[in-house]
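# Examining the three-dimensional arrangement
Here's the letter readout for the chains.
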Amino acid sequence: MVDIDENWVPELAPGVDLQSLNAQPTPEEFFVLSRIDGSSTVDSIAKTSGLGKDKTLTCVKNLHGYGLIELPISNAEETEQEQSKSKADTTTESDSDDDGDVAVSIKGRFPLPFSDFEFDQELLEQSVELDDDFKREIIFVHAQLDSVDHYQLLGVERDARRRQLRGSYFKMSKRYHPDRFYQKILGDFQPLIERIFQRVTKAYQTLSNRNKRKEYDAILARGRESHATPVQASTPASRRSEPREAMNDSRKRDMAFKVLIQRGDKAFDNGHISAALKEYRKALTLKRDEQVALRIARSLLDQPDHLEDATAFARAAQKISPDSLEALKLLGAVYEQREQLDDAIYHYEQALESAPDDADLRARIDRLRS
Amino acid sequence: MERIIGIDLGTTNSCVAVVEAGSPQVIPNKGGYKTTPSAVAITDSGRRLVGQMAKRQAITNAEHTVYAAKRLIGRKWDSSEVRHCIETCPYEIIQGPHDDARIKLRGKEYSLPEISSIILQEMKIVAEDFLGEEPEKAVVTVPAYFNDNQRKATKDAGRIAGLDIIRIINEPTAAALAYGFGKDLDATVAIYDLGGGTFDISILDIHEGVFDVLSTAGDTFLGGEDFDARIIEHLAFEFAREHRVDLRNDQMALQRLRDAAEKAKIELSSMDETEISLPFIHSMDNGEALHLQTTLSREKFEELVIDLVQRTIKICQATLQESGLEVEDIDDVILVGGMTRMPRIQQDVADYFGKPPSKQVHPDEAVALGAAVQGDALVEGRGDVLLLDVTPHSLGLMVHGGGFEVLIEANSTIPTSHSHIFTTVRDGQTSVKIVVLQGESERAEQNELLGEFVLSGLRHAPAGEVEIEVTFEISADGIVSVHATDMETGKKQSITVTATSGLTEDEIEAMISENEDYLVELKRSEELESQRDRIRKSIREVEKLLANGGADTDLVAKLKDRAADVVAGARNCLDSGDADSLASAGEDLEKLLQSVRAAVQSI
């Protein structure tokens, strides 16, 4: 056990990529994570988290166990043991209905953690009859409706039975059903709330019906396959089946993608490379755009500290389209920069196979060989 | 505090309830009854009668007494239901301007929402007498299987009555609310609701105060009225066999038959046999009087209506199947509606569900109680009750070749919406017509037409380039609305409704003001009547005092002369006077009365 001193000031671990976590923190943990600013003590976080001291401490321990935060002491062995055990603790706790805090009351499992979420200030400041926490919750949940499946939205496991589904759906209905806001001024939050309720309802109606659930599970399975193989599955037939939703979905993704890329570029221009890469990664999970991945990889070529990242982005581009000459060339160039000459030659040669007449490539290979 | 009343606007009876100190209760009418007949009559003097009063005079005023108006509300003129009513109802049904049905009473046409508004108004008055203030808002129930046109027409009725219907909820759902209110239930229940005119069955999942309707179905033209009709037919047939006279051609005889049939039906719920005695039901051309005298056994009655009972059980089967549940999954069966008092129905429902139905809710009152609970939950923002109801019919569009494309499936939880992209099919096309329907048939023409909408003012562009997103919404009331946006510009597109059976905005406005005028007039005539009463009372007192005045003093003699004049003048006013002359006559009398009192006392 790591005994946590309440006067410790936890800090975010540097270079943690929230998108590729092995452990999936619970909403409570994410919430605690969002309160960690490098200057608040564990005690003050516990006092303001609304979770109570015990829960907050458990969350801090777990976050530490995941390697997301650093504490003044760090005992690698102990935390490793801690990880599996305390995770089991918190998952049961997160089911309890706690109405105090935003992240806690959010049932669904969303890809973008609450702490990482950037709120539209203008929307947040709109004068409506909702309290600030609930506004944040609505914005947060609504923004990610399209990036979660029905299971994640309801916050249940894949093997959840009807009773669990119902419990979750009823709780969410009591939170988001438009009747809950009868005669209240909701402004631009009204359509958001309505959409959340509809989407939650759709999730429940699909999963609580045996046949519909079977079909849906099949679609999910296919979806994962199509992610693995980079063939675009957007045939006219599949578009016809759910035309409206597909369009909405892809348009929203496009928009989010653009915003994230812009944010990344801005951070990059200001020299915050790590922050920029975080945005880029998020963007690329939304839309697998080869050209963008290439562009980012290229821009990292002259950043000696980020050559590994450059490799990752170039690899991503190559994964998106395996035969891409550009991706192969770039991979070669990245390895050249990293002075891993064998790897560089290997990729250049691969590229040469699809472009045997490329004189530049040949020249590079010859130069590296010598 | 804002009080929301719950109204069960029934086919044969209506009921109103309110939440008092946290628990719902039914409000009795002036006669002390908890339900009020849904009957409206217009007297020969143009006065409206509602409820018990209207029902009582129906025999002598059959042609101008409307009952079971709910069977006609929101229906198309050429529908089989309207045809059926034209054949069987004593009042005159005519074609309205929107392909709707209207009722002609004393030479004046009434739309169905107007008739219903008169009943709603009566229920509002019942509540007002109880609450001591005018209720402005109400939750009104409709059969679950009502379509959009019927729901909209009901909402219009509320507007005409000056009542803001904040929510329309389904009758079986309301009954479930009354059943589950205040209990910590975790159960799957079936509500079997057979009322005066409609049948509904709903399957609900109740847990932690959430009432989730899994599926619902019904028949909006199957109810107690049809059971009565079978008895009427039977009696008329027997009578015709004996006397070669069809009683149904005689409005007054038919009305007597109708009353007798209802009474017999009710009696047969508790007795094995009932006497039907209608003396002097018909007089022959030769002056001979014919009497109807017979007995009806419960067995015979069941034989007459068994197909109706079976029809309801078939609908139960279909609904259960739709909900994906088995009979064993149903924890409780709840009976609602007066018809469920019939032992045969209780038996058949018990046989089908494999368990005796619950008697926990009052079949006549549960629906109004549930409506009051929902109204209270909405306005008070109470978090302990939440209704998740469904739309009973599939909503869709007519597509090429008269097909029906479903956008929102039946039994979808409401509120819900669906967006559909329309594109132009011709170069330079500037408008698109959308035909919206509700129903389960694959053929558009067999479904209920909700309206035709025209998207106009589209920009000139090659075919397929203009994309309009049309959103179809079903509100928590189960009411459909349509709006459209240009995909490219994000501009709202105007939609013109070109075909709907509902009342136009202008008509509703006119009906509202006409209703208000009627109420003002009613109030005025009531005031005149009480003025008259006061004058009559004063006259009596003056005459009494002077007669017993004792000594014949000069003063008294003088007063007697003056009194003769004033009283004569006042009597004149009573017969013919307007408000002003009644008022001045009243004042004169009052002065006289004071003098007389003084004179008599001084002696």
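Since the structure is predicted, the reported quantities are computational estimates derived from the model, not experimental observations.

### Some points on the sheet that holds strand β27 (residues 492-493) of chain B
One open sheet holds the 4 strands; their spatial order is β22-β25-β26-β27 (chain B), and the pairing between them is antiparallel. Only two strands of the sheet have a single partner each, and these edge strands are β22 (416-423) and β27 of chain B.

### Describing the nonpolar core
Residues and elements named next belong to chain B. Judged by nonpolar contacts, the single largest core of 50 residues is most densely connected at F227, L292, I345 and F353. At 9 residues, helix α8 (residues 298-323) tops the list of elements feeding residues into this core. Looking at this core, you find at least three residues from each of domain 1 (4-223 + 307-388) and domain 2 (224-305). By size, the runner-up hydrophobic cluster in this structure holds 45 residues, among which are I5, V16, I93 and A157.

### Focus: the interface of chain A and chain B
Contacts between the two partners involve 21 residues from chain A and, on the opposite side, 34 residues from chain B. In this assembly, chain A packs against chain B so that about 2,300 Å² is buried in total across both faces, 48% of it on carbon and sulfur atoms. Our count for the contact surface shared by chain A and chain B stands at 5 salt bridges. With its nearest N and O atoms 2.8 Å apart, the salt bridge here joins R166(A) to D205(B).

### Digging into the environment of V19(B)
Residue and element names in this part refer to chain B. By the element assignment, V19 lies in strand β2 (residues 13-20). Each C-alpha atom of the pair V19 and L369 lies 8.0 Å from the other, and the pair is 350 residues apart in sequence. Excluding its chain neighbours within four sequence positions, the residues that come into contact with V19 are R3, P24, A372, V373 and D376.

### Regarding the pairing of strand β26 (residues 480-486) of chain B
Residue and element names in this part refer to chain B. Burial analysis of β26 places 5 of its 7 residues in the buried class, the great majority of the element. Where strand β25 (residues 467-474) folds back on β26, the antiparallel hairpin that results is connected by 5 residues, among which G478 adopts a positive phi of roughly 80°. For β26 and β27, the ladder comprises 2 bridges, and the chain directions are antiparallel. By the bridge assignment for β27, A484 is matched with Q493. Following β26, the chain reverses through 5 residues before pairing antiparallel with β27; G490 in that reversal takes a positive phi of roughly 70°.

### Considering the pattern of salt bridges
Counting across every chain of the model gives 50 salt bridges over all chains. Residue D477(B) is joined to R167(B) by a salt bridge in which the shortest nitrogen-to-oxygen separation is 3.3 Å. Of this pair, D477(B) sits in the loop between β25 and β26 while R167(B) sits in strand β12 (residues 164-170); the two residues are 310 residues apart in sequence, bridging distant segments of the chain. For the pair shown, D477(B) and R167(B) are each scored as buried. Linking R344(B) and D348(B) is a salt bridge whose minimum nitrogen-to-oxygen distance equals 3.1 Å. One end of the pair is R344(B) and the other is D348(B), both in helix α9 (residues 343-353) and 4 residues apart, which spans about a single turn. By relative accessible area, R344(B) is classed as partly exposed at 26%. One continuous salt-bridge network, built from bridges that share partners, spans R162(A), R163(A), R166(A), D186(B) and D205(B).

### Focus on the packing of helix α17 (residues 325-337) of chain A against helix α19 (residues 359-369) of chain A
All names here are of chain A. Remark: α17 packs on α19, axes separated minimally by 12 Å, with the N-to-C direction vectors making an angle of 25°. It follows from the interaxial angle that α17 and α19 lie roughly parallel. You can see that α17 and α19 cross each other, and the crossing is left-handed. Mapping the contact onto sequence places K329, A333 and E336 in α17 and L361, R364, R367 and L368 in α19. Partitioned by chemical class, the residues of the contact of α17 with α19 number 3 nonpolar, no polar and 4 charged.

### Details of the domain arrangement of chain A
Here chain A is partitioned into domain 1 (1-97), domain 2 (106-226) and domain 3 (288-369). If you average the C-alpha positions of domain 2 of chain A and of domain 3 of chain A, the two centres end up 41 Å apart.

### Thoughts on the domain arrangement of chain B
Reports of interface size often rely on the accessible area that becomes lost once the parts have come together. Annotation of chain B at the domain level lists domain 1 (4-223 + 307-388), domain 2 (224-305), domain 3 (395-502) and domain 4 (507-602). The C-alpha-based centres of domain 2 of chain B and domain 3 of chain B are spaced at 50 Å.

### Digging into the packing of aromatic side chains
Using the criterion set out here, one finds 8 aromatic pairs over all chains in the structure. Taken together, the ring pairs connect F134(A), Y176(A) and F181(A) into an aromatic cluster. It is R48(B) that lies over the ring of Y518(B); its NZ or CZ is 3.8 Å from the centre. Above the plane of the ring of W77(B) lies R83(B), whose end atom (NZ or CZ) is 4.9 Å from the centre.

### With respect to unusual backbone geometry
All names here are of chain B. Note the cis peptide between I414 and P415, where omega equals 0°. Note on placement: P415 falls in the loop between β21 (403-408) and β22. Positioned with a positive phi, A21 is a non-glycine residue whose angle comes to about 45°. Within the secondary structure, A21 is located in the loop between β2 and β3 (23-26).

### Focus: the sheet that holds strand β9 (residues 101-105) of chain B
Residues and elements named next belong to chain B. One open sheet accounts for 3 strands, arranged β8-β9-β10; its pairing is antiparallel. The sheet is open, and its two borders are formed by β8 (92-95) and β10 (108-111), each paired with just one other strand. Strand-to-strand, the axes of this sheet are offset by a mean angle of 40°, without reference to chain direction. Relative to β10, β9 runs antiparallel, the two sharing 4 bridges. By the bridge assignment for β10, I103 is matched with Y110. Along the sheet, helix α3 (residues 112-131) contacts β9 and β10; its crossing angle with β10, the most-contacted strand, is approximately 80°.

Criteria and cut-off values
Residues numbered from 1 in each chain as written. Chains lettered and ligands numbered in written order. Predicted model: local features only at pLDDT ≥ 70, side-chain atom pairs only at ≥ 80, totals over all residues. Heavy atoms only, no water. Pairing = 2+ DSSP bridges. Helix = DSSP H or I, 4+ residues; strand = E, 2+ residues; numbered from the N terminus. Core = buried A, V, L, I, M, F, W, Y, C linked by side-chain atoms within 4.5 Å. Buried < 20%, exposed > 50% of the residue type's maximum accessible area, 1.4 Å probe, protein only. Domains from an automatic or database assignment. Contact = heavy atoms within 4.5 Å. Buried area = accessible area lost by both parts, 1.4 Å probe. Salt bridge = Lys/Arg side-chain N within 4 Å of Asp/Glu carboxyl O. Axes fitted to C-alpha atoms, helices over the stretch in contact; angles between N-to-C directions. Parallel < 35°, antiparallel > 145°, perpendicular 65-115°, else oblique. Left-handed = near helix turned anticlockwise from the far one by under 90°. Nonpolar A, V, L, I, M, F, W, Y, C, P; charged D, E, K, R; others polar. Phe/Tyr/Trp six-rings, centres within 6.5 Å; stacked < 30°, edge-to-face > 60°. Lys NZ or Arg CZ within 6 Å of the ring centre and 35° of its normal.

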